[in-house]
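Descriptive analysis of the structure
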Amino acid sequence: MNNSNMLSENTLNTALRRLGYTKEQLCYHGFRGTCTTLLYETGWPKDMVERQLAHVQTNQVRAAYDHAQYIEQRTRMMQSFADYLDSLRDGGSVIPFKKRA
């Protein structure tokens with residue numbers, strides 16, 4: 001995918017607003033943060049998660065040599081995440097937060 005095929009963050013935030021969510025309730029970037037956290041907490045390797053988020057390698061030496069895209073592994077990772085979301089939609093085990101005193 002090249003940059004001309006990418007959706008902007010504003011496009012996705014506008015869609016959320018049309019669904020009735022205010023910017024105080026929900027924003028597109030929050031989905032990225034939630035997804036990243038869940039992928040790390042379920043054991044997916046950092047390289048795959050960061051590549052999925054289209055983050056640029058900050059180590060210049062590594063960036064010069066590592067051009068791996070991890071397509072097969074990322075496909076499995078995202079299917080696993082989709083399965084998790086489906087399980088929540090279908091009544092999977094959701095752990096409720098305790099109210100603070």
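The following paragraphs examine the structure supplied in this document. As the structure is a computational prediction, the values presented were derived from the model and not from experiment.

Looking only at helices and strands, one finds 5 helices and 0 strands in the protein chain. Counting from the amino terminus, helix and strand elements in the protein chain follow one another as α-α-α-α-α. Looking at the protein chain as a whole, 13% of its 101 residues qualify as buried. A sequence separation of at least 24 residues applies to 33% of the contacts in the protein chain between residues at least 6 apart. Total accessible area on the protein chain is roughly 8600 Å²; 56% of this is exposed by carbon and sulfur atoms.

Side chains that differ in charge, positive against negative, can pair when their charged atoms come close. For the coordinates displayed, the defined rule picks out 2 salt bridges. Linking Arg 89 and Asp 86 is a salt bridge whose minimum nitrogen-to-oxygen distance equals 3.4 Å. Of this pair, Arg 89 and Asp 86 both sit in helix H5 (residues 71–89), 3 residues apart, which is roughly one turn of the helix. Residue classification places Arg 89 among the exposed positions, given a relative accessible area of 61%. One salt bridge in this structure joins Asp 90 and Arg 89, with 2.9 Å as the shortest N-O distance. Here Asp 90 matches Arg 89 in class, with each residue exposed.

Moving on: the packing of helix H2 (residues 28–41) against H5. It is the contact of H2 with H5, at a shortest axis distance of 11 Å, that shows an interaxial angle of 105 degrees. On the basis of the axis angle, H2 is roughly perpendicular to H5. Contact residues: Cys 35, Leu 38 and Leu 39 in H2; Met 77, Met 78, Phe 81 and Tyr 84 in H5. Counted by class, the contact of H2 with H5 contains 7 nonpolar, no polar and no charged residues.

Further remarks concern the nonpolar core. Cys 35, Leu 39, Met 48, Val 49, Leu 53, Met 77 and Phe 81 together form the largest nonpolar core, which totals 7 residues. Elements with a contribution of two residues or more to this core: H2, helix H3 (46–52) and H5.

By the secondary structure assignment, Ser 80 is in helix H5. Remark: the alpha-carbon pair of Ser 80 and Leu 39, spanning 41 residues in sequence, is separated by 9.2 Å.

With that out of the way, let us pick up H2. The end-to-end C-alpha separation of H2 is 20 Å, in line with the 20 Å expected for 14 residues at 1.5 Å each. Turning to H2, its buried residues number three or more, namely Cys 35, Thr 36 and Leu 39. Along the axis of H2, the buried residues cluster in a sector spanning 100 degrees; they form a single face. Buried residues along H2 sit against H3 and H5. Positive backbone phi, at 95 degrees, marks Gly 43, one or two positions downstream of H2.

Parameters and conventions
Residues numbered from 1 in each chain as written. Predicted model: local features only at pLDDT ≥ 70, side-chain atom pairs only at ≥ 80, totals over all residues. Heavy atoms only, no water. Helix = DSSP H or I, 4+ residues; strand = E, 2+ residues; numbered from the N terminus. Buried < 20%, exposed > 50% of the residue type's maximum accessible area, 1.4 Å probe, protein only. Contact = heavy atoms within 4.5 Å. Areas by Shrake-Rupley, 256 points an atom, 1.4 Å probe, with all protein chains shown as cover. Salt bridge = Lys/Arg side-chain N within 4 Å of Asp/Glu carboxyl O. Axes fitted to C-alpha atoms, helices over the stretch in contact; angles between N-to-C directions. Parallel < 35°, antiparallel > 145°, perpendicular 65-115°, else oblique. Nonpolar A, V, L, I, M, F, W, Y, C, P; charged D, E, K, R; others polar. Core = buried A, V, L, I, M, F, W, Y, C linked by side-chain atoms within 4.5 Å. Expected span 1.5 Å × (residues − 1). Arc of directions from axis to C-beta.

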